[in-house]
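For reference, the chains in residue letters:
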Amino acid sequence: IYDNQLYNVSINDAFRINGASSNGFHYGLLIAQSEIDDNSDNFENIDIKNIAGRLKQKVINDNSYVGFISTFYKDFNNSSRVYAADGIFNFMNNKLKIDTQIASSSISDINDNGFAQSYEVSYTDIIRNSNNFLDNNIFDIWINYETYDEDFYINHTGYLQRNDYIFLNFGLAFTENNPNQFSIYRAFNIQFKETENMKSDRLNSSISFNWQNTFINNYFFGFSYLHTLPHFDDWLFLDYDYNYFINNNSPIIKKSESNEVQISFQTDPTYKLFLDYSLGYFQNKINDNGISYYINLNYKPIEWLSIDLDYKLDDYSDKYNLLKIRRYYPPDLGNTIREDEYLFSDSEIFKKQITLSLFTYFTNQFSIELFSRYFVYENDFSPNAPYYKLSDNYIYPDLEDEITNYENDRLLYGVDYSSLEFNCIFKWEFDRKINLYIIYSSFKGVNGMKFDNIAKFIEYEFDNDLSNPSEIFYDKSIFVKFDFLLNN
């Protein structure tokens, strides 16, 4: 995305080499050149260059190393460089572990270099000769600290969910094998997480407790509880344009204190039929609440056939659900100053996802994998439901008296959306060094419509009905991939 326009990019050439030596030295290099598929005169130079290099050397013992990574990116508009050093060090027979990384980024049109750092220290040992219930428990204690300043950016060649935050996590865990005659494994942990931005606005603060038990028949049961303190959302909407990532002007929205519980259950995974089930419930201080559950069924009737069915559902209320952002340039201010208007709706959200996959071997060299996923998102609000508009930072949005463009809101901002995707992968393994893949992929998405079932969704074709506007998306692709190993 550049200047609010979407452009396709194709890879022209790419080269990768990696290897290792007998003394624990590893190296890797990736070079790629791509270009923007654009036939207009929007760009003088449409080439994009990427380089990534990695070095790693074993030190102290087999479980410790130091490493260095660097990336370079350049396109028609800007360039970036990233340098990072990292290391993992194990001491005291691997009981004490130190994991650390520091990184620096440089963007061509940003004056200051970005900086990030991550440090984690953990200790693991077993409790012996104790006369209480913790005897023979393996205990883990850890503390993790991370910072990413406002100018740190690696997303040209890499990925960072966000910058401008400080993260702290510490916790304690106990695990025990064969704790009693009914169980073969038991574990519980408690941990605290705190996240702030560089202005010390609390972005998350939570404490959680998790307990799980695997029984003698390999059945599993788990319970978790999460309590989240009041906090703020300072990145309500994140644009994909890196300029917004660096120069973020998003408002700061108040978020309510909440509680969440979840239970999980699994049957014996070694059986032909395996069940994985979880149920969750949450509620916050402004009376939002909801449930979520997940069901996975895996069936292996014969050794060379596996059938997997997933069903996931989320049904919850959201009083301050972000509906859209109106962006406009006031005439009296010229075209250089943009004003954003954030609109929220009191909504009932429903999300459903059904996934079916099948994997089979016809021979030792030939396999087929089928994958299909049906997704539904519905946001039920009406012209009579409350709308809210943000008037100031650090507060909840204010009630909006008048509703405009209700039908356009439903279409333009994805209030009702359904999609179906299908993938088929044929794989031939000529020997252990050579593989050939043929992949067929198809996709259909409809925005602005609700469907009673998947059959009506499949049958639906575009209808230019202005009283009930909708959008429809299609995509079909075939990929061929060939890989081989030069030596062992």
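About the cut-offs
Residues numbered from 1 in each chain as written. Predicted model: local features only at pLDDT ≥ 70, side-chain atom pairs only at ≥ 80, totals over all residues. Heavy atoms only, no water. Helix = DSSP H or I, 4+ residues; strand = E, 2+ residues; numbered from the N terminus. Buried < 20%, exposed > 50% of the residue type's maximum accessible area, 1.4 Å probe, protein only. Contact = heavy atoms within 4.5 Å. Areas by Shrake-Rupley, 256 points an atom, 1.4 Å probe, with all protein chains shown as cover. Pairing = 2+ DSSP bridges. Core = buried A, V, L, I, M, F, W, Y, C linked by side-chain atoms within 4.5 Å. Phe/Tyr/Trp six-rings, centres within 6.5 Å; stacked < 30°, edge-to-face > 60°. Lys NZ or Arg CZ within 6 Å of the ring centre and 35° of its normal. Salt bridge = Lys/Arg side-chain N within 4 Å of Asp/Glu carboxyl O.

Looking now at the overall build of the chain. When you go through the chain residue by residue, the secondary structure sums to 3 helices and 25 strands. Burial statistics for the chain: of 488 residues in total, 36% are counted as buried. Sequence-distant contacts, at least 24 apart, represent 52% of the contacts inside the chain between residues at least 6 apart. Carbon and sulfur atoms form 53% of the exposed surface of the chain, whose accessible area is close to 29,100 Å².

The next point concerns the pairing of strand β1 (residues 9-20). By the bridge criterion, 11 bridges tie β1 to strand β2 (residues 25-36) in an arrangement that is antiparallel. Residue pairing across strands places Gly19 opposite Tyr27, the latter belonging to β2. Taking the residues that link successive antiparallel strands as the turn, the β1-β2 hairpin has 4 residues, and the phi of Gly24 there is positive, at about 90°.

On to unusual backbone geometry. Of all residues except glycine, most have a negative phi; of all peptide bonds, most are trans. A positive phi is found at Asn178, a non-glycine position, where the angle reads about 50°. Checked against the element boundaries, Asn178 lands in strand β9 (residues 165-180).

The next thing to look at is the nonpolar core. Within the largest apolar cluster, 11 residues are counted, these being Val82, Ala84, Ala103, Ala116, Tyr148, Phe152, Ile154, Leu160, Tyr165, Phe167 and Leu203. Among the elements of the structure, β5 (79-91) and β9 are those that each provide at least two residues to this core. If near-sequence neighbours (up to four positions away) are discounted, Ile154 is found in contact with Val82, Tyr159 and Leu160. Counting 9 residues, the second largest nonpolar core, distinct from the first, contains Val446, Met449, Phe451 and Ile472.

Across all of its chains, the model carries 22 aromatic pairs by this definition. Each member of the aromatic cluster is reached from another via a ring pair, and the members are Phe362, Phe366, Phe426 and Trp428. One residue, Lys481, lies across the ring of Tyr437, its end atom 5.2 Å from the ring centre.

Relative to the assigned elements, Asn50 resides in strand β3 (residues 47-58). When sequence neighbours within four positions are dropped, the list of residues in contact with Asn50 reads Leu30, Ile31, Ala32, Phe72, Tyr73, His156 and Thr157.

A few words on the pattern of salt bridges. Scanning the entire structure with this criterion turns up 10 salt bridges. The salt bridge involving Asp125 is made with Lys95; its shortest N-O contact spans 3.5 Å. One end of the pair, Asp125, is in strand β7 (residues 114-126); the other, Lys95, is in the loop between β5 and β6 (96-107), with 30 residues separating them in the sequence. The exposure class assigned to Asp125 is buried, which follows from its relative accessible area of 19%. Across the salt bridge formed by Arg373 and Glu421, the nearest N and O atoms sit 2.8 Å from each other. Here Arg373 is found in strand β20 (residues 366-380), whereas its partner Glu421 is found in strand β23 (residues 416-431), with 48 residues between them in sequence. For Arg373, a relative accessible area of 27% translates into the label partly exposed.

Here we come to the pairing of β5. Two elements, strand β4 (residues 65-74) and β5, share 10 bridges in a ladder whose sense is antiparallel. Residue pairing for β5: Phe68 is matched across the bridge by Ala85. As consecutive antiparallel partners, β4 and β5 are separated by 4 residues. Here β5 pairs with β6 via 12 bridges, running antiparallel.

Within the secondary structure, Phe482 sits in strand β25 (residues 471-484). Residue Phe482 is classed as partly exposed on the basis of its relative accessible area of 48%. Put simply, Phe482 and Trp428 are 54 residues apart on the chain and 9.7 Å apart in space, counted from C-alpha to C-alpha.

It is worth spelling out the environment of Arg202 at this point. Examined against the element boundaries, Arg202 turns out to sit in strand β11 (residues 202-215). For Arg202, a relative accessible area of 30% gives the class partly exposed. Sequence spacing of Arg202 and Phe232 is 30 residues, and the spatial spacing of their C-alpha atoms is 6.0 Å. Beyond its immediate chain neighbours, meaning those up to four positions away, Arg202 contacts Glu194, Thr195, Glu196, Leu229, Pro230, His231 and Phe232.

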